[in-house]
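# Structural overview
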Amino acid sequence: MQIIYEYHDVSASQRLEGLAKEKLEKLEKKYDFVHRADVFFKTENRSDDYGMLCDIRLSMPGPRIFASSNAETFDTALNETVRDLEHQLRKIKEKMSEH
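As the structure is a computational prediction, the values presented were derived from the model and not from experiment. (Residues numbered from 1 in each chain as written. Predicted model: local features only at pLDDT ≥ 70, side-chain atom pairs only at ≥ 80, totals over all residues. Heavy atoms only, no water.)

## Some words on the overall build of the protein
Put simply, the rule is: Put simply, DSSP marks the helices as runs of H or I at least four residues long and the strands as runs of E at least two long, and each gets a number from the N terminus on. Every radius of gyration here is taken over C-alpha atoms, with the globule rule written as 2.2 Å times N^0.38, N being the number of residues. Exposure classes here rest on a 1.4 Å probe applied to the protein chains alone. A residue is buried below 20% of its type maximum, exposed above 50%, and partly exposed in between. Method for areas: the Shrake-Rupley scheme with a 1.4 Å probe, in which residue coverage is limited to the protein chains shown. In this tally Asp and Glu are treated as negative and Lys and Arg as positive; neither His nor the chain ends contributes. Lys charges are placed at NZ, Arg charges at CZ, Asp charges at CG and Glu charges at CD.
Tallying secondary structure elements over the protein gives 2 helices and 4 strands in all. Rg of the C-alpha trace for the protein: 14 Å, near the compact-globule value of 13 Å for 99 residues, within the 12% margin. By principal-axis analysis of the C-alpha atoms, the protein measures approximately 45 × 25 × 20 Å. For the protein, the residues scored as buried account for 36% of the 99 residues in total. If you sum the accessible surface of the protein, you get close to 6,200 Å²; carbon and sulfur atoms cover 46% of it. Counting 16 positive and 19 negative side-chain charges, the protein places the averaged centre of each group 5 Å from the other.

Here it is, written out as structure tokens:
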């Protein structure tokens, strides 16, 4: 799987990229039809402490899927985003197996 990283108002981080790669490779093993991931790390000015955003867009045959989470840390936002994507992928795979 090809993984593209983009940072908005954040410094690039090898540790975050490694963590994202590890989680996305686990998804790829379960859902082999995914061929590309675009991972976005952003910061937002918010009144609460949830200003760290992680957006991930997955490309595959058919429509792309997207998930986004914000949290106090990028690690937490990444975990929540991947969990949301896995839920979406599970639904897609169920539909594919029905046909």
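## Examining the environment of Leu-58
We count it as follows: Whether two residues are in contact is decided by their heavy atoms: any pair within 4.5 Å suffices.
Looking at the secondary structure, you find Leu-58 in strand β3 (residues 52-59). Taking relative accessible area as the criterion, Leu-58 reaches 1% and is therefore assigned buried. With 55 residues separating them along the chain, Leu-58 and Ile-3 place their C-alpha atoms 9.3 Å apart. Ignoring any residue separated from it by four or fewer positions in sequence, one finds Leu-58 in contact with Leu-24, Val-34, Arg-36, Ala-37, Arg-64, Ile-65, Leu-85 and Leu-89.

## Points about the pairing of β3
The line we're drawing: Pairing between two strands requires that DSSP report at least two bridges joining them.
Within β3, 6 of the 8 residues are buried, which leaves the element mostly enclosed by the surrounding structure. In textbook terms, the turn of a hairpin is the stretch between consecutive antiparallel strands, and for β3 and strand β4 (residues 65-71) this stretch comprises 5 residues, one of which, Gly-62, has a positive phi near 95°.

## Here's the deal with helix α2 (residues 74-98)
Under the convention used in this document: In this scheme, a helix's expected span is set at 1.5 Å multiplied by one less than its residue total.
When the terminal C-alpha atoms of α2 are compared, their 36 Å separation across 25 residues agrees well with the 36 Å that a helix rising 1.5 Å per residue should span. Regarding α2, the residues found buried are Phe-74, Ala-77, Leu-78, Thr-81, Val-82, Leu-85, Glu-86 and Leu-89. Residues of α2 that are buried make contact with α1 (14-30), β2 (36-43), β3 and β4.

## A few points about the nonpolar core
Buried together is how nonpolar side chains tend to be arranged in soluble globular proteins. Threshold: Throughout, nonpolar core names a set of buried Ala, Val, Leu, Ile, Met, Phe, Trp, Tyr and Cys residues whose side chains join them through atoms within 4.5 Å.
Formed by 25 residues in total, the largest nonpolar core has its most connected members in Leu-24, Ile-56, Leu-58 and Leu-89. Taken together, the elements giving at least two residues each to this core come down to β1 (2-8), α1, β2, β3, β4 and α2. Here the element with the most residues in this core is α2; it accounts for 6 residues.

## Topic: the sheet that holds β4
Here is the rule: In this description, a line fitted to the C-alpha atoms serves as the axis of each element, helices being fitted only across the stretch in contact, and the angle between N-to-C directions of two axes falls anywhere from 0 to 180 degrees.
Reading across from one edge, β1-β2-β3-β4 is the order of the 4 strands in this open sheet, with mixed pairing throughout. Edge strands, defined here as strands with exactly one partner in the open sheet, are β1 and β4. Strand-to-strand twist in this sheet, taken as the mean axis angle between neighbours without regard to direction, amounts to 15°. Where β3 lies against β4, 7 bridges are found, and the strand directions are antiparallel. The partner of Asp-55 across the bridge, within β4, is Ser-68. The strands touched by α1 within the sheet are β1, β2 and β3, with β1 carrying the most contacts at an inclination of about 140°. Across the face of the sheet, α2 comes into contact with β2, β3 and β4 while running at roughly 150° to β4.

Treat this as a map of the structure, not an account of what it does.
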